[in-house]
Amino acid sequence: MAPISSPQSALSWCIVGRGAIGLLAGARLQQAGYTATLWLKQPDAIPLQFTDLTQQYQQQILLPQPKDQAIARLLVPVKAYDVLNAVAQLLPYLSPNAQLVISHNGMIPIAPLLARLRPAQGLWFLSTSQAAYKPAADHVVHSGEGLSYLAKLTASDGNDSQVIAAMNAALGPVTVVPDIYPMLWQKLAINVAINPLTALENCQNGQLAHPRYQSQISALTTEVCLVANALGYPMEPTATVQRVYQVITATSGNFSSMQQDMQAGRQTEIAAICGYICQQAAQLQLSVPVNQQMLDRVLAKTATS
Ligand SMILES: NC(=O)c1ccc[n+]([C@@H]2O[C@H](COP(=O)([O-])OP(=O)(O)OC[C@H]3O[C@@H](n4cnc5c(N)ncnc54)[C@H](OP(=O)(O)O)[C@@H]3O)[C@@H](O)[C@H]2O)c1
């Protein structure tokens, strides 16, 4: 049913789901004086324990989004494979000039999403390297500080400074960029090189520094550069492979999200990582056999687990 009451106040944000990044954003927004409501599959109030980077605990309550109130500001921090469905579900509840911020790993075709928005609705992408996890359903731990990049994907007029201020509070420090795609391609190259291999080998990132993975890492990364260059995002293979190895070293003790998802028997984001490369390559009539092989192997393993 369409919302009937007046829209949220400027300091209110609705967040989709009760995932690690969403609860981190909700807890930090409330700490900064915003109201954060949750759009949940089972609408419940969540008594949340929030552990910040300094190990300070805070008890908060996040309330479910009232279904009769138009949503003016929406954060969608869900897995890449859930973004389109989540936004489709929320569309009838959005105000005509609502601002939506999507935040996920990997890449998805954005055109179907843009096509469903009204002219005055705004779409933003926030890419974050903040890290959070949930040791329990009602506990979120902010486990690593990282930068976030924010860009507006639509030309609609909106109160941009309010969105930027809120995202700084939620997942900042935020750097606002005019075009998010160069950054997303760099990040995608790193995800392509690290995530499927660590998932299939069931290892920490640092194990990929072993010479036996060198040719696969180089081929995976070179294929990403091939596709990115063809789409107008210049990426040099040698420098990109170097960056991959810098990340492997800097995060050597970490388990990638795909390794964790595969071990837990959850769906992975492989379709938005190697799958996106394969899909774009097919449209460009380029060959990306190593990405295709990783996509097939991860899908085969998650389908049978
Ligand atoms: N966690 C991190 O440290 C981190 C860091 C950087 C980037 N990221 C990226 O950020 C994104 C979110 O990560 P996350 O770790 O927060 O994921 P997550 O824990 O899986 O959280 C997503 C939540 O959204 C819920 N959801 C999905 N669609 C929904 C819908 N239509 N209505 C209501 N709830 C819905 C999911 O519910 P179900 O579980 O019931 O499906 C889940 O609770 C991912 O792309 C991830 O790769 C994460």
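Residues numbered from 1 in each chain as written. Predicted model: local features only at pLDDT ≥ 70, side-chain atom pairs only at ≥ 80, totals over all residues.

### Topic: the overall build of the protein
On a plain count of helices and strands, the protein comes out with ten helices and eleven strands. Counting only C-alpha atoms and orienting by the principal axes, one finds that the protein spans roughly 60 × 40 × 35 Å. Taken over 305 residues, the protein has a buried fraction of 40%. In the protein, 69% of the contacts between residues at least 6 apart in sequence involve partners at least 24 apart. (Helix = DSSP H or I, 4+ residues; strand = E, 2+ residues; numbered from the N terminus. Buried ≥ 20, exposed ≤ 12 C-beta atoms within 10 Å, placed from the backbone. Contact = placed C-beta atoms within 7 Å.)

### Brief notes about the environment of Gln242
Its place among the elements puts Gln242 in helix α7 (residues 237-250). With 12 C-beta atoms packed within 10 Å, Gln242 lands in the exposed category.

### Notes on the pairing of strand β4 (residues 57-64)
Summarising the sheet, strand β2 (residues 35-39) and β4 pair through two bridges and their orientation is parallel. The partner of Leu38 across the bridge, within β4, is Pro64. Bridge count for strand β3 (residues 46-51) against β4 is six bridges, and the pairing is antiparallel. Bridging from a neighbouring strand, Pro47 pairs with Ile61 of β4. Here β3 folds back onto β4, and the loop between the two strands holds five residues, one of which, Gln55, carries a positive phi near 70°. (Pairing = 2+ DSSP bridges.)

### Looking at the domain arrangement of the protein
One can read the domain layout of the protein as domain 1 (12-178) and domain 2 (182-304). With ten residues of domain 1 at the interface, the matching set in domain 2 holds twelve residues. Looking at the side of domain 1 that touches domain 2 residue by residue, the class counts come to six nonpolar, three polar and one charged. (Domains from an automatic or database assignment. Nonpolar A, V, L, I, M, F, W, Y, C, P; charged D, E, K, R; others polar.)

### Regarding unusual backbone geometry
Following Gly172, the chain continues into Pro173 via a peptide bond in cis, with omega recorded as 10°. Mapped onto the secondary structure, Pro173 falls in the loop between α4 (160-171) and β11 (174-176). In this structure, Asn202 takes a positive phi of about 50° despite not being glycine. The phi dihedral of Gln285 falls on the positive side, at around 55°, and the residue is not glycine. Here Gln285 lies in the loop between α9 (274-284) and α10 (289-304).

### Here's the deal with helix α6 (residues 214-230)
Here α6 spans 24 Å end to end across 17 residues, near enough to the 24 Å set by a 1.5 Å rise per residue. Along α6, the residues that are buried comprise Ile217, Leu220, Thr221, Glu223, Val224, Cys225, Val227 and Ala228. (Expected span 1.5 Å × (residues − 1).)

### Here we look at the site of the ligand
Lining the immediate surroundings of the ligand are 26 residues, of which Gly17, Gly19, Ile21, His104 and Asn105 lie closest. In the shell around the ligand, the residues fall into eleven nonpolar, ten polar and five charged. (Near = placed C-beta within 6 Å.)

### Considering the sheet that holds strand β7 (residues 122-128)
Ordered by their spatial adjacency, eleven strands build an open sheet running β8-β9-β3-β4-β2-β1-β5-β6-β7-β10-β11, and the pairing between neighbours is mixed. The sheet terminates laterally at β8 (131-136) and β11, the two strands that pair on one side only. Going from strand to strand, the sheet's axes swing by 30° on average, the running direction of each strand aside. Sitting on the sheet, helix α2 (residues 83-90) is in contact with β1 (12-16), β2, β5 (71-76) and β6 (94-102), with an inclination near 165° to β5. (Axes fitted to C-alpha atoms, helices over the stretch in contact; angles between N-to-C directions.)

### Focus on the packing of helix α5 (residues 181-201) against α6
Where α5 meets α6, the closest approach of the two axes is 9 Å, and the angle between their N-to-C directions is 150°. Taken together, the axes of α5 and α6 are roughly antiparallel relative to one another. The interaxial crossing formed by α5 with α6 has right-handed handedness. Here α5 contributes Trp185, Leu188, Ala189, Val192, Ala193 and Leu197 to the contact with α6, which in turn contributes Gln216, Ile217, Leu220, Thr221, Val224 and Ala228. Grouping the constituent residues of the contact of α5 with α6 by class yields ten nonpolar, two polar and no charged. (Parallel < 35°, antiparallel > 145°, perpendicular 65-115°, else oblique. Left-handed = near helix turned anticlockwise from the far one by under 90°.)

### With respect to the pairing of β5
Counted residue by residue, β5 has six buried out of six residues, so it is predominantly covered. With two bridges connecting them, β1 and β5 associate as parallel partners. Across the sheet, the residue bridging to Cys14 is Leu74, located in β5. In the sheet, β5 pairs with β6 via five bridges, with the strands oriented parallel. In the strand pairing of β6, Leu75 is matched with Val101.

### Thoughts on the environment of Cys203
Secondary-structure assignment places Cys203 in the loop between α5 and α6. On a C-alpha basis, the gap between Cys203 and Ser9 in space is 46 Å, while along the polypeptide they are 194 residues apart.

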